[in-house]
Amino acid sequence: MRNISVIIKKQIKDTIKNRVVLIQFILFPVMTLIMENAIKLDGMPDAFFTKLFSVMYMGMAPLTAMAAIISEEKEKNTLRVLMMANVAPWEYLAGVGIYVWTICMAGAGVMATGLEKENILFYLLIMGLGFVISIVLGGCIGIFAKNQMVSTSLVMPAMVILSFGPMLALFNSTIEKVAKFLYTQQMSVLLNKMSFDKGIGESIIIIVINAAVFIMLFFIAFRKKGLE
Amino acid sequence: MIQCKNVYKSFADKTVLSGVNFDIPSGEIFGLLGPSGAGKTTLIKILTGQLSFEAGSVITLGKKVERLTGEDKKNIGIMMDEFGVYERFSCVENLQIFADIYGIPHSKIKQTLEMVGLQDAMRMPAMNLSKGMRTRLQLARVFLHSPKLIFLDEPTSGLDPQTMKSIHRIILEKKRTGITIFLTTHNMEEAAALCDTVALLNEGVIVEMGAPQEICRKYNHQKKIKLHLSSGEDLELKHGKESATEISRLFEAGNIETIHSSEPNLETVFLELTGRKLQEDV
């Protein structure tokens, strides 16, 4: 446990210094606050920007941050130093994962200020679950990528599909048919419903399948490449 | 402290280490000399359990290297050229991470940074450090948890002579505390100045091993003495009775300015044994 808390502490310290990751964490919460307060059109659904940006945040921030942190440590050979100092790979991944999840949840907390009070808990639950899946996928990319350049080239298409898929699905029915197989699209459906009432069975199944596939990919990547 | 018996290692079809044998007693500085690509870094990785090997046995800290536990590894410090530092963190912040991992009080960080001469750069981000300062920071990280066994992979490679000397001083100070140091280098002067024992490694084979002075004496085939006389003349005399008489005469006359034996240095010995220079790639 001590090593996990050391990794978390290290990452928290690095948050302010690492602008690439910092921007990922604060961009959407800040944009949500601005848009929700600045743009109010007749007929616009409640918390439109909060819901739209939340799904983009879910598919972008944890994925990019996780992959960037791991690949940077691999590229600069600091990960090997940690391993030689007896930090187990799972401790490192858990530390970074917990850190990314916590910071993203703080961001989601900021975004939730635009919601009705009774919806906040549901919203945070959905966001928390979505962050976990994105973190697993980001970890998977971080493990596969040799360096930051490879990591960026792998993260970019995944991020575009996961973040922009649900938004583009709003405007195009063909994209919607394809995007419905993404966990981010189903999270978007759940956020629009804001409840676990009837008709969420399909969403839950797709989310569970997405999570299972990414967890499997993560273990395959870890077994094949390890952390070095 | 380390026993390496008949170790073989190959990558694909290339044999990197072939029947490597040596024993390193506690408190000694053991130097592994060889040109780039000789297998020095591979051997460090094997001795520290980072890399598996095909045949032979390695005992590190009294245990088979494959059975070293996390607790055992706390007694090992490794500095490899390829190891990085956290660029955005200051020297203190870099060491804080490892102090926390090893459960060491933060008060020891300042002391360790002072020991390596980084007291004035404690708050400086690692990205602004010079190569020499960065090496010192890596040394500080190695010494922070007071390990019993330290591996230093080419610790002074690419450093200026002044920084190199200060790092030598730090290494010798540490030796006095009783720790064992395994050092790789292709700098024969460094090996001669620091090591109790050196092994000359060429293409994965140890071609000679012993105390640096002993090795040099062993390959002193010429057995000559070089004199520089006060007249400015240089004189070379072969070992023997006649030369002794001549030297005695010159001494009595006060004509000798300097006198040197002519045994080869480690570089020359390596060249004689392998036909290669230690620093051929530098």
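The structure presented is a predicted model; accordingly, all values stated were derived computationally and were not measured.

1. Notes on the overall build of chain B
Here is step 1 of the chain: A count of helices and strands for chain B gives 10 helices and 13 strands.
Here is step 2 of the chain: By principal-axis analysis of the C-alpha atoms, chain B measures approximately 70 × 50 × 30 Å.
Here is step 3 of the chain: By residue count, 51% of the 282 residues in chain B fall in the buried class.
Here is step 4 of the chain: Long-range pairs, those at least 24 residues apart, make up 66% of the contacts in chain B with a sequence separation of at least 6.
Here is step 5 of the chain: Looking at chain B as shown, the accessible area adds up to about 13,100 Å², and 48% of this sits on carbon and sulfur atoms.
Here is step 6 of the chain: In chain B, 34 positive and 36 negative side-chain charges are present, and the distance between their average locations comes to 6 Å.

2. Here's the deal with the overall build of chain A
Here is step 1 of the chain: Counting secondary structure elements, chain A contains 10 helices and zero strands.
Here is step 2 of the chain: For 228 residues, the compact-globule formula gives about 17 Å, and the C-alpha radius of gyration of chain A, at 18 Å, lands near that figure.
Here is step 3 of the chain: Seen through its C-alpha atoms, chain A measures out along the principal axes to roughly 60 × 35 × 30 Å.
Here is step 4 of the chain: Out of the 228 residues belonging to chain A, those deemed buried represent 52%.
Here is step 5 of the chain: Long-range contacts, defined here as pairs at least 24 residues apart, represent 76% of the contacts in chain A between residues at least 6 apart.
Here is step 6 of the chain: Total accessible area computed for chain A in this model is approximately 11,000 Å², and 71% of it derives from carbon and sulfur atoms.
Here is step 7 of the chain: Averaging the positions of the 20 positive and the 14 negative side-chain charges in chain A gives two centres separated by 10 Å.

3. So, the confidence of the model for chain B
Residue and element names in this part refer to chain B.
Here is step 1 of the chain: When pLDDT is averaged across chain B, the result is 87; 98% of the residues are at 70 or more.
Here is step 2 of the chain: Of all secondary-structure elements in chain B, the lowest mean pLDDT belongs to strand 12 (residues 234-238), at 81, while helix 3 (residues 91-102) reaches the highest, 94.
Here is step 3 of the chain: Both scores are available for the predicted complex, with the pTM at 0.84 and the ipTM at 0.85.

4. Brief notes about the nonpolar core
Here is step 1 of the chain: By size, the foremost hydrophobic cluster in this structure holds 150 residues, and its most contacted members are Tyr 92 and Val 100 of chain A together with Phe 22, Phe 98, Leu 113 and Phe 182 of chain B.
Here is step 2 of the chain: Broken down by element, this core gets its largest block of residues, 16 residues, from helix 3 (residues 48-75) of chain A.
Here is step 3 of the chain: Contact partners of Phe 182 of chain B, with chain neighbours within four places excluded, come to Ile 2, Phe 22, Ile 24, Phe 30, Leu 32, Leu 43, Ile 44, Leu 47, Ile 150, Phe 151 and Leu 152 of chain B.
Here is step 4 of the chain: In terms of nonpolar packing, the next biggest core, distinct from the first, is built from eight residues, Leu 229, Leu 237, Ile 247 and Leu 250 of chain B among them.

5. Brief notes about the interface of chain B and chain A
Here is step 1 of the chain: Residue-level contacts link 25 residues of chain B with 21 residues of chain A.
Here is step 2 of the chain: Of the roughly 2,200 Å² buried at the junction of chain B and chain A (both faces included), carbon and sulfur atoms supply 56%.
Here is step 3 of the chain: Looking at the side of chain B facing chain A, the largest losses of area belong to Tyr 86, Arg 88 and Ile 101 of chain B, adding up to 31% of the total buried there.
Here is step 4 of the chain: For Lys 17 of chain A, the salt bridge goes to Glu 93 of chain B, with nearest N and O atoms at 2.7 Å.
Here is step 5 of the chain: Put simply, the parts of the chain that give the side of chain B that touches chain A at least two residues each are helix 2 (70-73) and helix 3 of chain B.
Here is step 6 of the chain: The element that contributes the greatest number of residues to the side of chain B that touches chain A is helix 3 of chain B, accounting for seven residues.
Here is step 7 of the chain: Class assignment for the residues of the side of chain B that touches chain A results in 10 nonpolar, six polar and nine charged.

6. Points about the sheet that holds strand 13 (residues 256-261) of chain B
Sheet strands pair via backbone hydrogen bonds, and the direction of the pair is either parallel or antiparallel.
Residues and elements named next belong to chain B.
Here is step 1 of the chain: Overall, antiparallel pairing links the three strands, which are arranged 12-11-13 in an open sheet. Unpaired on one side and paired on the other, strand 12 and strand 13 mark the two borders of the sheet. Averaged over all adjacent pairs, the angle separating strand axes in this sheet is 20°, with direction ignored.
Here is step 2 of the chain: As paired strands, strand 11 (residues 224-229) and strand 13 are joined by five bridges and run antiparallel to one another.

7. What about the sheet that holds strand 2 (residues 14-24) of chain B?
Here is step 1 of the chain: Here we have four strands laid out as an open sheet, ordered 2-1-4-5 (chain B), and antiparallel in their pairing. Only two strands of the sheet have a single partner each, and these edge strands are strand 2 and strand 5 (63-64) of chain B.

8. Observations regarding the pattern of salt bridges
Here is step 1 of the chain: One pass over the full model with this rule turns up 17 salt bridges over all chains.
Here is step 2 of the chain: The closest approach of N and O atoms between Glu 72 of chain A and Arg 88 of chain B, which form a salt bridge, is 2.9 Å. Here Arg 88 of chain B lies in the loop between strand 6 (76-79) and helix 3 and Glu 72 of chain A lies in helix 3, a pairing that spans two chains.
Here is step 3 of the chain: Across the pair Glu 202 of chain A and Lys 180 of chain A runs a salt bridge whose closest N-O atoms are separated by 3.6 Å. One end of the pair, Glu 202 of chain A, is in helix 10 (residues 201-225); the other, Lys 180 of chain A, is in the loop between helix 8 (173-179) and helix 9 (183-193), with 22 residues separating them in the sequence.
Here is step 4 of the chain: Using a relative accessible area of 48% as the deciding quantity, one classes Glu 202 of chain A as partly exposed.
Here is step 5 of the chain: Looking at Lys 180 of chain A, the relative accessible area reads 31%, which means it is partly exposed.
Here is step 6 of the chain: Sharing partners across several salt bridges, the network here consists of Asp 14, Glu 72 and Lys 76 of chain A together with Arg 88 of chain B.

9. Comments concerning a nonpolar patch on the surface
All names here are of chain A.
Here is step 1 of the chain: Side chains of Leu 125, Phe 196, Ile 204 and Val 208 sit close together on the surface and give an oily, nonpolar patch of about 370 Å² of accessible area.
Here is step 2 of the chain: On the secondary structure map, Leu 125 appears in helix 6 (residues 117-144).
Here is step 3 of the chain: Overall, Leu 125 belongs to the exposed group, its relative accessible area being 51%.

10. What about helix 5 (residues 131-143) of chain B?
Here is step 1 of the chain: The end-to-end C-alpha distance of helix 5 of chain B, which contains 13 residues, comes to 18 Å, matching closely the 18 Å that a straight helix rising 1.5 Å per residue would cover.
Here is step 2 of the chain: By the criterion of burial, helix 5 of chain B is predominantly enclosed, with 10 of the 13 residues buried.
Here is step 3 of the chain: Among the residues making up helix 5 of chain B, those that are buried are Gly 132, Thr 135, Arg 136, Leu 137, Gln 138, Leu 139, Ala 140, Arg 141, Val 142 and Phe 143 of chain B.
Here is step 4 of the chain: The inward-facing, buried residues of helix 5 of chain B contact helix 4 (78-84) of chain A together with strand 6, helix 3, helix 4 (107-115), strand 7 (149-153) and helix 6 (161-176) of chain B.

Thresholds applied
- Residues numbered from 1 in each chain as written.
- Chains lettered and ligands numbered in written order.
- Predicted model: local features only at pLDDT ≥ 70, side-chain atom pairs only at ≥ 80, totals over all residues.
- Heavy atoms only, no water.
- Helix = DSSP H or I, 4+ residues; strand = E, 2+ residues; numbered from the N terminus.
- Buried < 20%, exposed > 50% of the residue type's maximum accessible area, 1.4 Å probe, protein only.
- Contact = heavy atoms within 4.5 Å.
- Areas by Shrake-Rupley, 256 points an atom, 1.4 Å probe, with all protein chains shown as cover.
- Lys, Arg positive; Asp, Glu negative; His and termini not counted.
- Charge placed at Lys NZ, Arg CZ, Asp CG, Glu CD.
- Rg over C-alpha atoms; globule rule 2.2 N^0.38 Å.
- pLDDT = per-residue confidence, 0-100.
- Core = buried A, V, L, I, M, F, W, Y, C linked by side-chain atoms within 4.5 Å.
- Buried area = accessible area lost by both parts, 1.4 Å probe.
- Salt bridge = Lys/Arg side-chain N within 4 Å of Asp/Glu carboxyl O.
- Nonpolar A, V, L, I, M, F, W, Y, C, P; charged D, E, K, R; others polar.
- Pairing = 2+ DSSP bridges.
- Axes fitted to C-alpha atoms, helices over the stretch in contact; angles between N-to-C directions.
- Patch = residues over 30% accessible without salt bridge, like charges linked within 9 Å, V, L, I, M, F, W, Y side chains within 5 Å.
- Expected span 1.5 Å × (residues − 1).

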